[in-house]
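As a plain string of letters, each chain reads:
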Amino acid sequence: MRKEAFFGMSREDSLDLLADARVVHLATTTPVRQPVLRASNAVVMEGAVFFHGSGAGEKGTTVGMPAVVSAEEVVAEIPSFMIDARRACVATTLYRSVQAHGHLEQVKDRAEKARILRAFMAKYQPEGGFEPLEAESPLYGAALDEMLVLRMPIEHLDGKAKLGQNREPEELARMMEKLWERGLPGDPRAIEVIRSANPGAPVPAFLDWAGGLPLTCALGTAPADLAQAVKLLEGEYWLAGLRPESIARAHELSQAWVGARDDGLVIASARAVSDGKTAWIYDVVVDRPWRGRGLGTALMRLLLDHPAVRSAAAVRLATKDAQPLYARLGFKDVSAWKRTFASSEMVLERAGR
Ligand SMILES: CC(C)(COP(=O)(O)OP(=O)(O)OC[C@H]1O[C@@H](n2cnc3c(N)ncnc32)[C@H](O)[C@@H]1OP(=O)(O)O)[C@@H](O)C(=O)NCCC(=O)NCCS
C-alpha cells in the first residue's frame, strides 16, 4: 500500500491543524530568489491563510511569490523498545503535520484588512479588551493603511498523520501499554490519539471494561468531551454554586481525566490533580442508565493507575454517600479523626510510594 494511504489526513483535519496552530512556518522567496523562512501568526479562513506584518518588513517583498505554510503537532516520541525489544531503528516520532501551498497576495482594501485583523484578534485574543476594530475608526484607520496584510489562497493542501497506522495490531498494543507504563504528561493523550487513528487496534488491557465499552485514559481528545462531561455533572451536590465554566476549567487543568464514551458521547468521567505525593480525586460520575454495572469501579481503578496518580503515597477524596464503592478499592474513612469536611473524607494510604 502507498504511504499516503496510511498517513494521509482528510482536508478537514488538515485545515483544523493549520487553523489551530499558534505559530506556523512560512517559506517563500523574494523576487531575486532569496529564500525566506519565517515563523508567523496566521489565520485560516475562506480557503486561504492570512498573515500580517510591517509594511516595511521582509514579508512585503514576497507579494506574488509561491509560498508554503506548514504546521505540526508532536504527539509522542516512541523509543525503539516500545515497538521491538531488540532493534534500534524502529524508534520514531508520532506527529501530525500539514503543508499548504499557494501564492502570496497583498490585501490593500482598508475594510477588508480590518475584517481579517478581527479574525486574528478572535483567534489570539478572544477575551477582547480592545476598542472595536473598524476600518473608519480614528484609532485604527492610519495604522491599517500602513500595515501589510497577506492572503495565500490554498492551491494545494497536504496533511499527514503519522500515528502508527503502518504498525501491526500487536505492535500498536505494545506501544500503548509502554506509553501507559512510561507515563510522561502527554502519554495518556497520545494513547487516545493512536486509538482514534487505528480503530482496528486491540483495546489495551488497562482500558478494557468487562461491561462492554472500552474506557478512555484521556478525555478531552474529542472537542465535545468537555461540554458533555460538565453536562453529566449537572446538579451534583458538591458542585452547587459553581459556574459550568469553572467546572470545565477544573477538568482542563487536571493532570488526569479519564472516562468512557458510548457512541461518541461521554457517559462516565472522573479526574484527579496530583503533585506526585498526594493526589485528590474529584467529580466521579457515571450516567444514570450505566450505573450499578461496575463502570464506576473500573473508572476508579483506571484513575488510581493513571501515571499522575499511581506514584502518590496518599490518594484523597471527599464523598457524602458512595463510601462502599471507595472502601472496596482500599479507601478508609478518616472523617472520624479529621473533620475538615462536612461530608466524610476518605484516604487511601499506600506505603513506600
Ligand atoms: C457513584 C457512582 C460514580 C458509581 O458508579 P457505578 O457505575 O454505579 O458504580 P459501580 O457499579 O462500579 O458500583 C456501584 C456501587 O457503588 C456504591 N454506590 C454508588 N452510589 C452510591 C450511593 N449514592 N450511596 C451508597 N453507595 C453507592 C454501591 O456500593 C454500589 O455497590 P453495589 O454494586 O454493591 O450495589 C455513580 O453512582 C454516580 O455517578 N453517582 C452520582 C455522582 C456521585 O455520587 N459521585 C460520587 C461522589 S464522589
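Residues numbered from 1 in each chain as written. Predicted model: local features only at pLDDT ≥ 70, side-chain atom pairs only at ≥ 80, totals over all residues. Heavy atoms only, no water.

Labelled according to an unreviewed UniProt entry, the protein chain appears under the name N-acetyltransferase domain-containing protein, originating from Anaeromyxobacter paludicola.

Caption draft 1: Representation of the overall build of the protein chain. Scanning the protein chain from N- to C-terminus turns up 11 helices and 16 strands. Considering only residue pairs separated by 6 or more positions, the protein chain has 67% of its internal contacts joining residues 24 or more positions apart. Surface exposure of the protein chain reaches about 18400 Å², of which carbon and sulfur atoms provide 53%. A gap of 5 Å separates the mean positions of the 44 positive and 45 negative side-chain charges of the protein chain. (Helix = DSSP H or I, 4+ residues; strand = E, 2+ residues; numbered from the N terminus. Contact = heavy atoms within 4.5 Å. Areas by Shrake-Rupley, 256 points an atom, 1.4 Å probe, with all protein chains shown as cover. Lys, Arg positive; Asp, Glu negative; His and termini not counted. Charge placed at Lys NZ, Arg CZ, Asp CG, Glu CD.)

Caption draft 2: Examining the site of the ligand more closely. Within the structure, the ligand sits among 20 residues, and Gly 292, Gly 294, Gly 296, Thr 297 and Asp 321 are positioned closest to it. Within the backbone of Gly 294, a nitrogen or oxygen atom sits 2.7 Å from an oxygen atom of the ligand. Residue assignment for the shell around the ligand shows that the elements contributing at least two residues are strand S13 (278–286), helix H9 (295–305), strand S14 (314–319) and helix H11 (323–327). (Near = heavy atom within 4 Å. Polar contact = N/O pair within 3.5 Å; in protein donor to acceptor, adjacent residues only side chain to side chain.)

Caption draft 3: Focus on a negative patch on the surface. A contiguous patch of negative charge on the surface is contributed by Glu 12, Asp 13, Asp 16 and Asp 20. Residue placement: Asp 13 occurs in helix H2 (residues 11–20). (Patch = residues over 30% accessible without salt bridge, like charges linked within 9 Å, V, L, I, M, F, W, Y side chains within 5 Å. Salt bridge = Lys/Arg side-chain N within 4 Å of Asp/Glu carboxyl O.)

Caption draft 4: Representation of the packing of aromatic side chains in the model. This structure, assessed with the given rule, holds six aromatic pairs. Between Trp 280 and Tyr 282 the ring centres are 6.2 Å apart and the planes differ by 20°, which places this aromatic pair in the stacked class. Trp 280 sits in the partly exposed class, given a relative accessible area of 22%. The lysine or arginine in question, Arg 310, covers the ring of Trp 180, its NZ or CZ lying 5.4 Å from the ring centre. (Phe/Tyr/Trp six-rings, centres within 6.5 Å; stacked < 30°, edge-to-face > 60°. Buried < 20%, exposed > 50% of the residue type's maximum accessible area, 1.4 Å probe, protein only. Lys NZ or Arg CZ within 6 Å of the ring centre and 35° of its normal.)

Caption draft 5: Representation of helix H7 (residues 225–232) within the structure. Extensive coverage of H7 is indicated by the burial of six of its eight residues. Looking at H7, one finds that the buried residues are Asp 225, Leu 226, Gln 228, Ala 229, Val 230 and Leu 232. Contacts from the buried residues of H7 go to helix H8 (244–253), strand S11 (256–262), strand S12 (265–274) and S13.

Caption draft 6: Fine view of the pairing of strand S5 (residues 66–78). In the sheet, strand S1 (residues 24–29) pairs with S5 via three bridges, with the strands oriented antiparallel. Bridging from a neighbouring strand, His 25 pairs with Ser 70 of S5. As defined by bridge partners, S5 adjoins strand S6 (residues 92–103) across 12 bridges and the pair is classed as antiparallel. Residue pairing across strands places Ile 78 opposite Thr 92, the latter belonging to S6. (Pairing = 2+ DSSP bridges.)

Caption draft 7: The arrangement of the pattern of salt bridges in detail. One pass over the full model with this rule turns up 21 salt bridges. Among the salt bridges present, the one from Glu 112 reaches Arg 115, with a minimum N-O distance of 3.1 Å. In this pair, Glu 112 and Arg 115 both sit in helix H3 (residues 110–124), three residues apart, roughly one turn of the helix.

Caption draft 8: Here's a closer look at unusual backbone geometry. Located in the positive-phi region is Glu 46, a residue other than glycine, with phi close to 50°. Among the structural elements, Glu 46 can be located in the loop between strand S3 (43–45) and strand S4 (48–54). Taking the relative accessible area as the measure of exposure, Glu 46 reaches 55% and is therefore exposed. Here the phi dihedral of Asp 283 falls at roughly 55°; this positive angle occurs in a residue that is not glycine.

Caption draft 9: Broad picture of the sheet that holds S4. Across the sheet, which stays open at both edges, the four strands sit in the order S3-S4-S8-S7 with antiparallel pairing between neighbours. Whereas interior strands pair on both sides, the edge strands pair on one side only; in this sheet they are S3 and strand S7 (105–107). Between one strand axis and the next, the sheet turns through 35° on average, direction left out of account. Pairing of S7 with strand S8 (residues 147–153) involves three bridges; the strand directions are antiparallel. (Axes fitted to C-alpha atoms, helices over the stretch in contact; angles between N-to-C directions.)

Caption draft 10: Spotlight on the packing of helix H5 (residues 169–182) against helix H6 (residues 187–197). The contact between H5 and H6 brings their axes to 8 Å, and the two run at 165°. As the angle between them shows, H5 and H6 are arranged roughly antiparallel. The chirality of how H5 crosses H6 is left-handed. On H6, the residues that touch Leu 172, Met 175, Met 176, Leu 179, Trp 180 and Arg 182 of H5 are Asp 187, Pro 188, Ala 190, Ile 191, Ile 194 and Arg 195. Of the residues belonging to the contact of H5 with H6, the class tally is nine nonpolar, no polar and three charged. (Parallel < 35°, antiparallel > 145°, perpendicular 65-115°, else oblique. Left-handed = near helix turned anticlockwise from the far one by under 90°. Nonpolar A, V, L, I, M, F, W, Y, C, P; charged D, E, K, R; others polar.)

Caption draft 11: Summary view of the domain arrangement of the protein chain. Split into domains, the protein chain comes out as domain 1 (3–161) and domain 2 (168–349). The C-alpha-based centres of domain 1 and domain 2 are spaced at 36 Å. Carbon and sulfur atoms make up 64% of the surface buried where domain 1 meets domain 2, a total of about 930 Å² over both sides. Looking at the side of domain 1 facing domain 2, the largest losses of area belong to Val 75, Met 82 and Ile 83, adding up to 54% of the total buried there. Note that Arg 189 is salt-bridged to Glu 73, the shortest N-O span being 3.1 Å. Across the contact surface, domain 1 and domain 2 share four residue pairs in polar contact (both at pLDDT 80 or more). No other element matches S5, which puts five residues into the side of domain 1 that touches domain 2. When its residues are assigned to classes, the side of domain 1 that touches domain 2 shows nine nonpolar, no polar and three charged. (Domains from an automatic or database assignment. Buried area = accessible area lost by both parts, 1.4 Å probe.)

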